[in-house]
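Coordinate analysis (summary)
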Amino acid sequence: AVVSTQSTGAIGRGCPDMAHLFLIDCIQVCDMGLKGFSQTRGLRVVNLGDCVRLSDVGVRNIVDGPSGAQIRELNLTNCLRVGDTTLFRIAQRCHNLAYARFCYSEFVTDAGVELLANMQTLRSLDLSGCAVGDAGLASLGNNPNFRNISLSECNLITDVGIQKMTSRLLLLETLDISFCVNVTDYATKFLAFSCRELVRLNIAGCTQLTDTSVSYISGGCHYLSHLNLSNNLNITDKAVRFLRRGCKLLQRLNLQLCPKITYVAIQRLEGGGCKVSHSIDINALKLGPMLPLSRTHKRPMSVGYSIFPIPSHG
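A brief look at the structure comes next.

What counts and how
- Residues numbered from 1 in each chain as written.
- Predicted model: local features only at pLDDT ≥ 70, side-chain atom pairs only at ≥ 80, totals over all residues.
- Heavy atoms only, no water.
- Helix = DSSP H or I, 4+ residues; strand = E, 2+ residues; numbered from the N terminus.
- Buried < 20%, exposed > 50% of the residue type's maximum accessible area, 1.4 Å probe, protein only.
- Contact = heavy atoms within 4.5 Å.
- Areas by Shrake-Rupley, 256 points an atom, 1.4 Å probe, with all protein chains shown as cover.
- Phe/Tyr/Trp six-rings, centres within 6.5 Å; stacked < 30°, edge-to-face > 60°.
- Salt bridge = Lys/Arg side-chain N within 4 Å of Asp/Glu carboxyl O.

Okay, the overall build of the protein chain next. Within the protein chain, the secondary structure is distributed over eleven helices and eleven strands. Of all 314 residues assigned to the protein chain, the portion counted as buried reaches 52%. Contacts spanning at least 24 positions in sequence make up 73% of the contacts within the protein chain whose residues lie at least 6 apart. In the form shown here, the protein chain has an accessible surface area of approximately 14000 Å², with 54% of it arising from carbon and sulfur atoms.

Now the structure itself:
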């Protein structure tokens, strides 16, 4: 059955003590439907991902209500009409917010991010695909409590923003800057030697990166367990050697669509216990060098692992 605006409002009015609200991909729910939750008292987790008709007005019905100060997790992924106005209300009202996602909301800009950066309870923030630039990253660097940040496909970001953010986030554990096409080895240098506690790093599709970036990572990020280097045409076997020497705890490595990586280098890394994803056709290699290697050029929907650990709702 299709969840409508009317049924959503009835649920909100009938369940004033609801703790978890999941309205994922409910494309017919609009702002009026959330008005029924304006008096809900116990909301801790709110997931409105892919509710594309929602705007700042609808989200405000929840944030400004009795539950606003108690919400711990908020997911507004693909809520395309939500912008800085909502972030302003969240910064004012959601004093216990720890996990937040605003992916692909084009109206979320540096101005809104600067407000979120002042929230000392915030630990995990996903701004993938938003109109965030270097000024927004610099403000995030003012909050040392961040542990997980995702900035995938934020094409306004440059080395300057990465430097300003990472130089002060010394306890960062997870970072995703995949497909940020303006990032170079210069940014990776500051990232690697500032964020030494990194466990997961995704730099897939950062097409300007070279083996030099991997040398920085292997020299500074010794606790790294998951690394995504896929869709990087400049990465070679030399990068794999750097990882073998410096990242002894590496468990998962994604080398999909890295055409300069050989199977010999992958075998040596897997011999140390690391699981490697790659796009080399092993059967073709066994049949002989005259057969072309089979590769896929379709960008994967997943980067190989979840960027944020799933928090406990207990």
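Structure shown, so let's carry the discussion forward.
As enumerated under the stated definition, the model contains two aromatic pairs in all. Seen in terms of ring centroids, Phe 193 and Tyr 216 are 6.1 Å apart; in terms of plane orientation they differ by 70°. Their pairing is edge-to-face. One end of the pair, Phe 193, is in helix H7 (residues 185-194); the other, Tyr 216, is in helix H8 (residues 211-220), and 23 residues separate them in sequence. On the accessibility criterion, Phe 193 (36% relative accessible area) is partly exposed.

Considering all chains together, one arrives at four salt bridges under this definition. The partner of Arg 41 in a salt bridge is Asp 17, with the nearest N and O atoms 2.8 Å apart. Note that Arg 41 is positioned in the loop between strand E1 (20-22) and strand E2 (45-47) and Asp 17 in the loop between helix H1 (5-14) and E1, a separation of 24 residues in sequence. What makes Arg 41 partly exposed here is its relative accessible area of 44%. Judged by its relative accessible area of 54%, Asp 17 falls in the exposed class.

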